[in-house]
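Results of the structural survey
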Amino acid sequence: MEDNVIQVEHLTKKFGSFTAVDDITFEVRKGEIFGFLGANGAGKTTAMKMLTGLSFPTSGKGMVAGYDIWTQSELIKKNIGYMSQKFALYSDLTVRDNIGIFGGIYGMKRADVRRRATELMERLGFMSEKDVRVKELPQGWKQKLAFLVAVIHNPRILFLDEPTGGVDPAARRQFWELIYDVVDSGITAFVTTHYMDEAEYCSRISMMVDGRIEALGSPAELKSEFGAGSIADVFDILARGAKRSE
Amino acid sequence: MAAFGYLIVKEMKQFNSNRFMPFVLVLLPVVLMLFVPLLANMEIRNVRLMIVDHDRSTTSALLTDRIAQSEYFRFAGYCDTYSGAVDEMGMGHTDIIMEIPAGMERDIGRGEQVEIFIAANAVNSTKGSIGGGYLSSIITDFSEELAAGLYAPDAPVQASGQESSGAGAALSGDVIGGGATMPLTVSPQFRYNPHLDYKLFMVPAMMIVVIILIGGFFATMSIVSEKEAGTIEQINVTPVRKRDFISSKVVFYGILGLIAFTLAFLIGHFVYGLAPHGGLPELYVGAVLFLVFMAGFGLIISNYSDTLLQSVFLMLFFVLIFMLMSGIFTPVSSMETWAQYLTYFLPTTYFVNILRAVCLKGSQFSDLTFNYIMLSVFAVLINVIAIVTYKKQR
């Protein structure tokens, strides 16, 4: 229990008569990369919004970073980084301004922001672009910047909502290297994706179909459990019963 | 620097990188202040007048000339019969009919009282009543001049009757005056705006409109556009306190509003001669309180809107009520009683009172305590509501 940074029991979210997330139970261990897989519309983003304190569950319990998602969401927010599926930084400001403002909002000292930003921008190859307005950056770069801002304050848990959406395969590999980097520094990563090949990069994965978690385990465990050659095959087997589609 | 400071810096940088907003900030007060007071003028000119002259005498020609000298009237022609003229009015060819009775000159010569009939089209009630008023005062002047013997040898007086009615043409006439000379004359003295200059009434009104538009709309639009761009999600997922986020918007858009208000005030001062007779602190304390209210109000609207379109329509709805019911354009005292009670709930009313009293009457804090207190109460209350209704977690 001590090692679980996220612990969720019977979490449900309904929008009217539509059940977006249907009674999910899982835990995420400290220091792992937890892959949250599912088709578009399976309820991944809705589940993540409940964990990041953006939305209240309809029912169920959840602890993130040791705090209750019902009552302590502002404490959770101090300990997490979040990268939205839709680019959510200020596109009319420069790279440097975005980093400075979010670092400041997280209560970091100016010098700390500068040091950490320089370190991250060098790692991501951003130094020459630091005074460029964000809207002028290509999509892949925007996503790298969103990632940078999500980890600027050294969160305990990093939530990434489809971080590789709309990014070319080579850049996707690079992105996963970045994720590995921050996980090596002790951050736990919670990643949603609908690219099944990316599941192989994760320590453990959950497979979501129609708002329910249908499978949970390490990639190797799931493949043997379903007798499939790849995670994509596992998904195909599970998705046959799916009713929702885009 | 706390989160609040970073949020203010963020607003500033966003504002600077925007090409449109700084332009609007300057253009809006300039256009409103320079043009609207000149255009929204209650003075009526070019009232079309049709004359039905049954007398056809020297005196009636003199009277006609006298009216022609006035810049307010334009001749729409003569008509032989009153009913013919009413038909013309019905077709929209004339605004006022003046009927001169047969034998006017003769009756005046005998020193008898004469009735001149005026019918005004009151479909446009302002034009009708004010035009009718102008005309009757010209006739009164003319009668005095006749009495004083300025024109012909015949000295007596002339009286005028006037009545305007609703839709379409008018009926009925009434006798006013008579006798050899005016026994009593009223000479009103208008205090604080001695020349009844409509501009002095409109200029403060436009300064209020500037605050409503800049303080209220800018604040609303800034949050809703964060919603549309999705950036609010990145803010909501940080531990930023709601009051820091809301107050950063109120302070920043409050400052923008003050800049626009100052610009409007300077134009009011140098172009229209408006002066803060009661004192600048009186003016600015009122403006700051009202700006804080408007920004807070705009933020509440944005908390309940998902799109820019939605928020702008909602704002427009309330702003129209604020403007029409608070005495900016029409006096509160002439509203229905229930509406007058309602104005106590419109903070705009208090600021209108403050602005007019400070600029025109020279009132000071001690004269306007109630207004300042009410404005402060509303400013605080509305911002508390803005913070409470802003939801980081839905």
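Because the structure is predicted, anything quoted here is derived from the model rather than measured. (Residues numbered from 1 in each chain as written. Chains lettered and ligands numbered in written order. Predicted model: local features only at pLDDT ≥ 70, side-chain atom pairs only at ≥ 80, totals over all residues.)

1. Things to note about the overall build of chain A
Basically, it comes down to this: Put simply, DSSP H or I for four residues or longer makes a helix, DSSP E for two residues or longer makes a strand, and each gets a number counted from the N terminus. Put simply, the radius of gyration uses C-alpha atoms, and a globule should come to 2.2 Å times the residue count raised to 0.38. Contacts are defined on C-beta atoms placed from the backbone: any two residues whose C-beta positions lie within 7 Å are in contact.
Per the secondary structure count, chain A includes eight helices and 10 strands. On C-alpha atoms alone, chain A measures out to a radius of gyration of 18 Å, which is about the 18 Å that the 2.2 N^0.38 rule sets for 246 residues. Counting only contacts in chain A whose residues sit at least 6 apart along the sequence, the fraction spanning at least 24 positions is 70%.

2. Observations regarding the overall build of chain B
Our working definition: With C-beta atoms placed from the backbone, a residue counts as buried when 20 or more other C-beta atoms lie within 10 Å of its own, as exposed when 12 or fewer do, and as partly exposed for counts between those limits.
A tally of regular secondary structure across chain B gives 14 helices and five strands. Out of the 394 residues belonging to chain B, those deemed buried represent 40%. Pairs at least 24 apart in sequence give 75% of the contacts found in chain B among residues at least 6 apart.

3. Overview of the interface of chain A and chain B
Here is the rule we go by: Residues are grouped as follows: Ala, Val, Leu, Ile, Met, Phe, Trp, Tyr, Cys and Pro are nonpolar; Asp, Glu, Lys and Arg are charged; all remaining types, including Gly, are polar.
Taken residue by residue, the interface counts 25 residues in chain A and 20 residues in chain B. Of all elements in the fold, only α2 (73–79) and α3 (95–105) of chain A reach the threshold of two or more residues within the side of chain A that touches chain B. Take the side of chain A that touches chain B: its biggest share by element is five residues, from α3 of chain A. Broken down by class, the residue content of the side of chain A that touches chain B amounts to 11 nonpolar, seven polar and seven charged.

4. Describing the sheet that holds strand β7 (residues 157–161) of chain A
The strands that make up a sheet pair up through hydrogen bonds in the backbone, lying either parallel or antiparallel. All names here are of chain A. The test is simple: At least two bridges found by DSSP between two strands are what make those strands a pair. Fitted lines through C-alpha atoms serve as axes, helices being fitted only where they are in contact, and the angles separating the N-to-C directions of these axes extend from 0 to 180 degrees.
Strands sit in the order β6-β7-β8-β3-β9-β10 across an open sheet of six strands; the sheet is mixed. The open sheet is flanked by β6 (80–83) and β10 (212–217), the only strands paired with a single partner. Direction aside, the axes of adjacent strands within the sheet are offset by 15 degrees on average. In terms of strand pairing, strand β3 (residues 33–38) meets strand β9 (residues 204–209) through five bridges, oriented parallel. Directly across from Leu37, in β9, lies its bridge partner Met207. Here helix α6 (residues 169–184) sits on the sheet in contact with β3, β7 and β8 (188–193), set at roughly 155 degrees to β8. Against the sheet, helix α8 (residues 231–239) engages β3, β9 and β10, with an angle of about 30 degrees to β9.

5. With respect to the confidence of the model for chain B
In regions of low pLDDT, the predicted coordinates are not meant to be interpreted in detail. All names here are of chain B. As a reminder of what qualifies: Along the chain, pLDDT gives the predictor's confidence residue by residue, from 0 to 100.
With 86% of its residues at a pLDDT of at least 70, chain B reaches an overall mean of 83. Within chain B, the element-level pLDDT minimum falls on strand β5 (residues 159–165), averaging 40, and the maximum on helix α14 (residues 369–389), averaging 95. Within the model, pLDDT remains below 50 along residues 152–183, and this stretch shows 82 contacts once partners closer than five positions in the same chain are excluded. For this predicted complex, the interface confidence comes out at an ipTM of 0.91, alongside a pTM of 0.79.

6. What to know about the sheet that holds strand β2 (residues 18–29) of chain A
Residue and element names in this part refer to chain A. Pairing is antiparallel in the open sheet, where four strands are placed in the order β2-β1-β4-β5. Each edge of the open sheet carries a strand with a single partner, namely β2 and β5 (67–68). Where strand β1 (residues 4–15) meets strand β4 (residues 59–64), five bridges bridge the pair, whose relative direction is antiparallel. Note that in β4 the partner of Thr12 across the bridge is Ser59. Across the sheet, helix α1 (residues 44–51) lies against β1, β2 and β4, angled at about 120 degrees from β1, the strand it touches most.

7. Points about the packing of α3 of chain A against helix α5 (residues 139–151) of chain A
Residues and elements named next belong to chain A. Which entries qualify depends on this criterion: Angles below 35 degrees are treated as roughly parallel, those above 145 as roughly antiparallel, those between 65 and 115 as roughly perpendicular, and all remaining angles as oblique. Handedness of each helix crossing follows the sense of rotation of the near helix against the far helix: counterclockwise by less than a right angle gives left-handed, clockwise gives right-handed.
Following both chains from N to C, one finds α3 and α5 inclined at 25 degrees, their axes separated by 9 Å at the closest point. In terms of orientation, α3 and α5 fall into the roughly parallel class. As for how α3 packs across α5, the hand of that crossing is right-handed. Between α3, through Val95, Asn98, Ile99 and Phe102, and α5, the contact on the second element is made entirely by Leu145, Leu148 and Val149. Residue composition of the contact of α3 with α5, by class: six nonpolar, one polar and no charged.

8. Here's the deal with the packing of helix α10 (residues 280–303) of chain B against α14 of chain B
All names here are of chain B. In contact at an axis separation of 8 Å, α10 and α14 are set at 25 degrees when each is read in the N-to-C sense. On the basis of their axis angle, the class for α10 and α14 is roughly parallel. Crossing of α10 over α14 shows left-handed handedness. Counting all contacts with α10, which are made through Val285, Gly286, Leu289, Phe290, Val292, Phe293, Gly296, Phe297, Leu299, Ile300 and Asn303, the residues of α14 involved are Tyr372, Leu375, Ser376, Phe378, Ala379, Ile382, Asn383, Ile385, Ala386 and Thr389. For the contact of α10 with α14, the residue count by class is 15 nonpolar, six polar and no charged.

9. Quick notes on the environment of Tyr72 of chain B
Looking at the element boundaries, Tyr72 of chain B is found in the loop between α3 (58–69) and β2 (73–78). Every residue in contact with Tyr72 of chain B, bar those within four places of it in the chain, is listed here: Ile44, Arg45, Val47 and Tyr134 of chain B.

10. Observations regarding helix α9 (residues 242–272) of chain B
In plain terms, the rule: Each helix should span, by expectation, one fewer than its residue count multiplied by 1.5 Å.
The first and last C-alpha atoms of α9 of chain B sit 43 Å apart over 31 residues, in line with the 45 Å expected at 1.5 Å per residue. Positive phi appears at Gly273 of chain B, one or two residues downstream of α9 of chain B, with a value of about 75 degrees.

11. Comments concerning unusual backbone geometry
Residue and element names in this part refer to chain A. Residues other than glycine seldom take positive phi values, yet His10 does so here, at roughly 50 degrees. Within the element layout of this structure, His10 appears in strand β1. Even without a glycine there, the phi angle at Asp210 is positive, about 50 degrees. As for its placement among the helices and strands, Asp210 is situated in the loop between β9 and β10. Judged by the 20 C-beta atoms lying within 10 Å of it, Asp210 is buried.

12. Section: helix α13 (residues 347–361) of chain B
Taking 1.5 Å as the rise per residue, α13 of chain B with 15 residues should run 21 Å; its terminal C-alpha atoms sit 20 Å apart, in good agreement. For α13 of chain B, the buried fraction is high: 13 of the 15 residues fall into the buried class.

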